[in-house]
Amino acid sequence: MKLDKLDKVTDEFGSTPKMPVLFLGHGSPMNAIEENEFVQSFRMVSGEIERPKAILCISAHWETKGTMVTAMENPQTIHDFGGFPRALFEVQYPAPGSPKLAKKTQELITTTHVELDHKWGLDHGAWSVIKHMYPNADIPILQMSLDYTKGAQFHYELAKEISKLRERGVLIVGSGNMVHNLSLIDWGRLNENYGHDWAIDANEKMKQFILNGDHKGLIDYSRQGKEFALSIPTPEHYLPLLYCLALKGEKEGLSIFNDQAVAGAITMTSVKVG
């Protein structure tokens, strides 16, 4: 290998100031092609932080048995939904991958086996929000899957193992929704900022846990009553929030944005750490 290429590899993920961490409420896939208050906030947040060297996304839409990290050079844009306009299926987000970052992530995690994946790509939990933040698709992105056989505590502890990536210029993004119950959507109010009473109550309690640093209350979400049970009928959209919070340093601040409910049973509430 030539010396200049060796230097480039060595410097690619060198030490940087600590990057923030984001939990993004992604909501409907249509947010990828619509202009609204939520996508405006995604753009605003990206303008407030240093340009990352790479992005690691934990998306609600990649569940696996075991933990996997995408490791291909050129991840495909996955259109993992149905019933939407053709224009949404035509969206491509051709960001590069990073086999080197995938390997580094695999090495950092010691409490479970991490498999390098070459089949997945970028699902809409990743590209539908990141495309607004970095529209040129020129920042390497990889995804880490959610092991559906494990509970909330496992995911919270796993997140801590990748904290060093924040000091290597990597922006870690959790993408899901704090409240997400498609079976109780009010289809007549899809484009309204409206939440059922139970959804608003659960979202408010979640925010209090977040602001008070009560991560145990959030990890033990199944013990928080009926409102939480309705808001989290399955955990995949909720778990990315725990990744974000687990990575928060003791003295780091956080902020909440996009704090709106839509269609009754989804909240777009998002969190920035650091």
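In this text, all values refer to a predicted model and were calculated from it rather than measured experimentally. (Residues numbered from 1 in each chain as written. Predicted model: local features only at pLDDT ≥ 70, side-chain atom pairs only at ≥ 80, totals over all residues. Heavy atoms only, no water.)

Participant: Explain the overall build of the chain to me, please; I cannot follow it from the model alone.
Facilitator: Within the chain, the secondary structure is distributed over 10 helices and 12 strands. A globule of 274 residues ought to have a C-alpha radius of gyration of about 19 Å, and the chain, at 18 Å, matches this closely. For the chain, the proportion of its 274 residues judged to be buried stands at 55%. Counted over contacts in the chain with a minimum sequence separation of 6, partners at least 24 positions apart contribute 82%. (Helix = DSSP H or I, 4+ residues; strand = E, 2+ residues; numbered from the N terminus. Rg over C-alpha atoms; globule rule 2.2 N^0.38 Å. Buried < 20%, exposed > 50% of the residue type's maximum accessible area, 1.4 Å probe, protein only. Contact = heavy atoms within 4.5 Å.)

Participant: Where do I start with the sheet that holds strand β8 (residues 170–176) in this structure?
Facilitator: Sheet strands pair by backbone hydrogen bonding; their relative direction is either parallel or antiparallel. Pairing is mixed across the open sheet formed by 6 strands, whose spatial order is β6-β2-β8-β1-β12-β9. Single-partner strands in this sheet number two, and they are β6 (141–143) and β9 (254–257). Across this sheet, the average inter-strand angle for adjacent strands is 20°, counted without regard to direction. As paired strands, β9 and strand β12 (residues 270–273) are joined by 4 bridges and run antiparallel to one another. The partner of Ser 255 across the bridge, within β12, is Lys 272. Strands in contact with helix α5 (residues 124–133) are β1 (21–25), β2 (54–59), β6 and β8; relative to β2, the strand with the most contacts, it is inclined by about 140°. (Pairing = 2+ DSSP bridges. Axes fitted to C-alpha atoms, helices over the stretch in contact; angles between N-to-C directions.)

Participant: In this structure, what is going on with the pattern of salt bridges? I would like to understand it.
Facilitator: A side chain of one charge can pair with a side chain of the opposite charge when the charged atoms of the two come close. The tally for this structure, following the rule as stated, stands at 9 salt bridges. A salt bridge links Arg 189 to Glu 192; the shortest N-O distance between them is 3.0 Å. The partly exposed category is assigned to Arg 189, whose relative accessible area is 29%. In this structure, a network of salt bridges that share partners links the residues Glu 204, Lys 207 and Asp 259. (Salt bridge = Lys/Arg side-chain N within 4 Å of Asp/Glu carboxyl O.)

Participant: Even after reading the chapter, I still don't get the side chain of Ser 59, so can you show me in this structure?
Facilitator: Within the secondary structure layout, Ser 59 lies in strand β2. Separated by 2.7 Å, the side chains of Ser 59 and Asp 123 make a polar contact. Residue contacts for Ser 59: discarding those within four places in its chain leaves Asp 123, Gly 125, Ala 126, Gln 143, Met 144, Leu 146, Ser 175 and Pro 240. (Polar contact = N/O pair within 3.5 Å; in protein donor to acceptor, adjacent residues only side chain to side chain.)

Participant: Looking at this model, I keep getting lost on α5. Mind explaining?
Facilitator: Side chains of residues three or four places apart in an α-helix project in the same direction, reflecting 3.6 residues per turn. Within α5, 9 of the 10 residues are buried, leaving the element largely enclosed by the surrounding structure. All of the buried residues along α5 are His 124, Gly 125, Ala 126, Trp 127, Ser 128, Val 129, Ile 130, His 132 and Met 133. In the core, the buried residues of α5 are packed alongside β1, α2 (37–48), β2, α3 (86–89), β6 and β8.

Participant: I would appreciate a short explanation of the nonpolar core in the present structure.
Facilitator: In this structure, Ile 172 and Met 206 are the most contacted members of the largest nonpolar core, which totals 55 residues. Counting residues per element, this core draws most heavily on helix α10 (residues 239–246), at 7 residues. Once residues lying within four places of it in the same chain are set aside, the contact partners of Ile 172 are Pro 20, Val 21, Leu 22, Leu 56, Ile 58, Ile 162, Leu 165, Arg 166 and Leu 247. Counting 29 residues, the second largest nonpolar core, distinct from the first, contains Leu 22, Trp 127, Ala 137 and Ile 141. (Core = buried A, V, L, I, M, F, W, Y, C linked by side-chain atoms within 4.5 Å.)

Participant: Sorry, what's going on with the pairing of β1 here?
Facilitator: Along any regular strand the residues' side chains alternate between the sheet's two faces. Counting buried residues along β1, 5 of its 5 residues qualify, which places the element largely inside the surrounding structure. Because side chains alternate across β1, one face comprises the buried residues Val 21, Phe 23 and Gly 25, and the other comprises Leu 22 and Leu 24, equally buried. Bridge count for β1 against β8 is 5 bridges, and the pairing is parallel. Bridged to Leu 24 within β8 is Ser 175. Here β1 pairs with β12 via 3 bridges, running antiparallel. Along β12, the bridge assignment pairs Leu 22 with Lys 272.

It is worth stressing that arrangement in space is one thing and function is another; only the former is reported here.
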